[in-house]
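Per-entry structural report
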Amino acid sequence: MNYPLVEIYIEKIRHNAGYLVDFCSKHNIEVMGVSKGVCAMTPVVNAMLQAGIKKLGDSRIQNIISMRQNSLNCPIYLIRIPMLSEVAEVVRWADGSLNSEIDVIKALSQESVIQGKKHRVILMVDVGDLREGVMPEDVLDMVGKILGLPGVEFEGLGTNLGCYGGILASYENTKVLVDLAGDIEKRYGIKVKTLSGGNTATLKLLEKGGLAPGINQFRIGEAILLGTDVTNFRKVPGTLQDTMVLKTEVIEVKVKPSSPIGEIGRDAFGNIPVFVDKGPMKRAIVALGKQDCRIEGLTPVDETMEILGGSSDHLLVDVTNSRNIQVGSIIQFRMSYGAMLSLMTSEYVGKKIV
Ligand SMILES: *Cc1c(COP(=O)(O)O)cnc(C)c1O
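Residues numbered from 1 in each chain as written. Predicted model: local features only at pLDDT ≥ 70, side-chain atom pairs only at ≥ 80, totals over all residues. Heavy atoms only, no water.

You'll find the protein chain entered in an unreviewed UniProt entry as Alanine/ornithine racemase family PLP-dependent enzyme, with Biomaibacter acetigenes given as the organism. Taken from UniProt, the Cofactor (unreviewed entry) comment for the protein chain reads in full: "pyridoxal 5'-phosphate". (UniProt positions renumbered as here; feature names shortened; annotations may be inferred.)

Here it is in structure tokens:
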């Protein structure tokens, strides 16, 4: 076996997906399974589909192409605003995309006409998190323009919360989407099919019964893959968290002082390190570093261990209170969404389905 290695417990991910599909469907909400966290790895995506998910979303066109090449036929959406330079591929490989720029939507329309397709457009609305989306007052005009384009189908509205500004979902900000849909239906005499009103962070509002009625889709990644909700800093009720584990190999164990010796300059990433002198400690180095992983997002499975820090290729762990750690030992970690993203993307990290 090669280390570092991420082991993925596929049954647990299937459980999470199935639980969330059931929970959301009780509230007439469909789940779009978001696959970017695992780079759209085939077995994981298949587990989502087996659990009852009918639509997938990914932020990278490369991941969407690889899903298609693995014979996935369900609807797949690009959930990052398309780059103008990738519009031809987006139309070719994705059924729809989230959008906020009329120039991009025009380009999608033109390309769809050329390819003989109808590309579905979900217009993103910024209800306060200040990442992507048109401001609410600009939505009606924008929809008018989209309806005039022959190659695209206006499918509905979407919003994203909790990701950039950390803004929590509320009745008020999800209601903005529902009200706008009502305005669109009145003004243009069309049905707004999809109101894609949230992600993992919005599940909490749904549990509390505070979601504006009318929202009918959540795009969910984190709660399926890890059972966590970083925005609300919690475990998602009904889901399992031990879905993945990172296994790393120890390359050095020595008792050393807990504070470095000599004049302190800057570390390998330009920061000035600060140390607390706790006396001598038993320190293990594992072969994993910042090139592979967002190490702040790791937590040792063994609670007697503590991560001290790391550099590009080394992670230091305080193992003073841990037994049987020697060169060649395997130390296991749980990971945050950010750590998972980086580990799954690194070609230096093995992945194994269990
Ligand atoms: C990543 C992403 C999601 C999924 O968010 P989770 O918090 O992982 O559920 C939903 N929508 C968009 C636009 C995203 O980029």
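Moving on: the packing of aromatic side chains. Under the criterion given, the structure shown has one aromatic pair. Here the basic side chain of Lys 12 rests over the ring of Tyr 9, its NZ or CZ set 5.5 Å away from the ring centre. (Phe/Tyr/Trp six-rings, centres within 6.5 Å; stacked < 30°, edge-to-face > 60°. Lys NZ or Arg CZ within 6 Å of the ring centre and 35° of its normal.)

Glancing now at the site of the ligand. Around the ligand sit 14 residues, and of these Lys 36, Thr 200, Arg 219, Gly 221 and Glu 222 come closest. Contact between the ligand and Lys 36: an oxygen atom at 2.6 Å from a side-chain N or O atom of the residue. Contact distances for the ligand include 2.6 Å between an oxygen atom and a side-chain N or O atom of Thr 200. When the free accessible area of the ligand is taken as 390 Å², the share hidden by the protein chains comes to 92%. For the shell around the ligand, the residue count by class is five nonpolar, four polar and five charged. (Near = heavy atom within 4 Å. Polar contact = N/O pair within 3.5 Å; in protein donor to acceptor, adjacent residues only side chain to side chain. Areas by Shrake-Rupley, 256 points an atom, 1.4 Å probe, with all protein chains shown as cover. Nonpolar A, V, L, I, M, F, W, Y, C, P; charged D, E, K, R; others polar.)

Two elements in contact, helix α6 (residues 139-147) and helix α7 (residues 171-188), have axes whose closest approach is 10 Å; the angle formed by their N-to-C orientations is 50°. Between α6 and α7, the angle is such that the two are oblique. Taken as a pair, α6 and α7 cross one another with a handedness that is right-handed. Residues Val 139, Leu 140, Asp 141, Val 143, Gly 144 and Leu 147 of α6 form the contact with α7, whose participating residues are Leu 180, Asp 183, Ile 184, Arg 187 and Tyr 188. Classifying every residue of the contact of α6 with α7 by side-chain character gives seven nonpolar, one polar and three charged. (Axes fitted to C-alpha atoms, helices over the stretch in contact; angles between N-to-C directions. Helix = DSSP H or I, 4+ residues; strand = E, 2+ residues; numbered from the N terminus. Parallel < 35°, antiparallel > 145°, perpendicular 65-115°, else oblique. Left-handed = near helix turned anticlockwise from the far one by under 90°. Contact = heavy atoms within 4.5 Å.)

Below, the discussion takes up the pattern of salt bridges. In total, this model carries 16 salt bridges according to the counting rule given. When the shortest N-O distance is used, the salt bridge between Lys 256 and Glu 252 registers 2.9 Å. The class of Lys 256 is partly exposed, set by a relative accessible area of 33%. Glu 252 sits in the partly exposed class, given a relative accessible area of 22%. Several salt bridges share partner residues, and in doing so they unite Glu 7, Lys 247 and Lys 352 into one network. (Salt bridge = Lys/Arg side-chain N within 4 Å of Asp/Glu carboxyl O. Buried < 20%, exposed > 50% of the residue type's maximum accessible area, 1.4 Å probe, protein only.)

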